[in-house]
Amino acid sequence: MSKVLVTGGLGFIGSHTVVELQLAGHEAIIVDDLSNTTLDVLERIESISGIKPIFEQVDLRDKREVEALFDRHTTIDGVIHFAAYKAVGESVQKPLDYYENNIGSLVHLLQAMQTRELDNFIFSSSCTVYGESDDLPITEESKVVPALSPYGNTKQIGEEVLKDAIRAHAFNVISLRY
């Protein structure tokens, strides 16, 4: 059984992932700042899986909170990072909020993992990295083009951050582009 930290674990994709992890015998630690969800999702996860996951309300933009989180949970085997702002239109209106949250939280997580020699990381990216492609259907071999929104750009930058982190620190990373 592995212990997996799931950021944004009370969101739609995160909560479904937590259920599947628990049903497969893994222990999930949910991290969420509750900016886009409510605590009643915890009860629904427990009603489906029969297991109440550990929950930590943490703002991943705060590096000290992230470090304290990893200090409290010293046996984490991997991180699945779903916590990000995700509205394309809103990102155009509030680009700096998107960069602070989506890039800052990613960097804080990777720094905490690096310090503790944790290396398994799944990143919730986006198909927006492919832009408006004429190459249909889009495959993993499709060209990544300049983003059309700050949201898409945060996902592209996030993937670049991960590439650099892999080269420097041998992280094991998967980016999900859905």
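All residue numbers refer to position in the chain's written sequence, counted from 1. Under the rules for a predicted model, residues below a pLDDT of 70 receive no local features and side-chain atom pairs below 80 are neither given nor counted, while totals for whole chains, interfaces and linings still include all residues. Note that water and hydrogens are dropped before the side-chain values are worked out from all heavy atoms of the structure.

**Student:** Just to check I follow, could you spell out the environment of tyrosine 130 for this structure?
**Tutor:** Residue placement: tyrosine 130 occurs in the loop between strand E5 (120–124) and helix H6 (150–169). Here the alpha-carbon distance between tyrosine 130 and tyrosine 151, two residues 21 residues apart in the chain, equals 13 Å. By the criterion applied in these results, polar contacts are pairs of N or O atoms within 3.5 Å in which, for protein atoms, one can donate a hydrogen and the other can accept it, and in which residues neighboring in sequence qualify only through two side-chain atoms. One polar contact links tyrosine 130 to arginine 177, side chain to side chain, over a distance of 2.8 Å. The secondary structure listing takes helices from DSSP runs of H or I that are at least 4 residues long and strands from runs of E that are at least 2 residues long, numbered from the N terminus.

**Student:** What's the story with the packing of aromatic side chains in this structure? I'm lost.
**Tutor:** Given two aromatic rings, one states the distance between the centres and the angle between the planes to describe the pair. Stacked, tilted and edge-to-face are the three classes assigned to paired rings of Phe, Tyr and Trp, where Trp is represented by its six-membered ring and a pair needs centres within 6.5 Å; plane angles under 30 degrees give stacked, over 60 edge-to-face, the rest tilted. Throughout the structure, instances matching the rule amount to 1 aromatic pair. Ring geometry for tyrosine 85 against tyrosine 98: centres 5.3 Å apart, planes inclined by 65°, an arrangement best described as edge-to-face. Pair noted here: tyrosine 85 is in the loop between strand E4 (78–81) and helix H4 (88–93) and tyrosine 98 is in helix H5 (residues 95–115), with a separation of 13 residues, a long-range link.

**Student:** I keep staring at the packing of helix H3 (residues 63–72) against H5 and nothing clicks. Help me out?
**Tutor:** Relative orientation and spacing of two packed helices are given, respectively, by the angle between their axes and the distance between those axes. Relative orientation of the contacting elements H3 and H5 amounts to 40°, with a least axis distance of 9 Å. As judged from the angle between their axes, H3 and H5 are oblique. Crossing of H3 over H5 shows right-handed handedness. Along its contact with H3, which presents Lys63, Val66, Glu67 and Phe70, the element H5 presents His108, Leu109, Gln111, Ala112 and Met113. Amino acids outside the nonpolar list (Ala, Val, Leu, Ile, Met, Phe, Trp, Tyr, Cys, Pro) and the charged list (Asp, Glu, Lys, Arg) are all regarded as polar, and Gly is one of them. When grouped by side-chain class, the residues that make up the contact of H3 with H5 number 5 nonpolar, 2 polar and 2 charged. Each axis is a line fitted through C-alpha atoms, and for a helix only the stretch in contact is used; angles between axes span 0 to 180 degrees, taken between their N-to-C directions. Our angle categories are set so that under 35 degrees counts as roughly parallel, over 145 as roughly antiparallel, 65 to 115 as roughly perpendicular, and the remainder as oblique. Handedness of a helix crossing follows the sense of rotation of the near helix relative to the far helix, less than a right angle counterclockwise being left-handed and clockwise being right-handed. In what follows, residue pairs with any heavy atoms lying within 4.5 Å of each other are defined as contacts.

**Student:** Can you help me understand the pattern of salt bridges in this one?
**Tutor:** Any two side chains of opposite charge can pair, so long as their charged atoms come close to each other. Any carboxyl oxygen of Asp or Glu that lies within 4 Å of a side-chain nitrogen of Lys or Arg is treated as forming a salt bridge with it. Taken as a whole and judged by the stated rule, the model has 12 salt bridges. The closest approach of N and O atoms between lysine 94 and glutamate 90, which form a salt bridge, is 3.8 Å. Note that glutamate 160 is salt-bridged to lysine 163, the shortest N-O span being 3.3 Å. Of this pair, glutamate 160 and lysine 163 both sit in helix H6, separated by 3 residues, roughly a single helical turn. Burial classes: relative accessible area under 20% of the type maximum marks a residue as buried, over 50% as exposed, and values in between as partly exposed (1.4 Å probe, protein chains only). For lysine 163, a relative accessible area of 39% gives the class partly exposed. It is possible to trace a salt-bridge network through shared partners that takes in Asp59, Arg61 and Glu100.

**Student:** When you look at unusual backbone geometry in this model, what are you seeing that I'm missing?
**Tutor:** With the exception of glycine, most residues fall at negative phi, and the peptide bonds are largely trans. Unusually for a residue other than glycine, glutamate 117 sits at a positive phi of about 55°. For glutamate 117, the position within the fold is in the loop between H5 and E5. Residue classification places glutamate 117 among the exposed residues on the basis of a relative accessible area of 73%. Despite not being glycine, alanine 170 has its phi angle at roughly 55°, a positive value.

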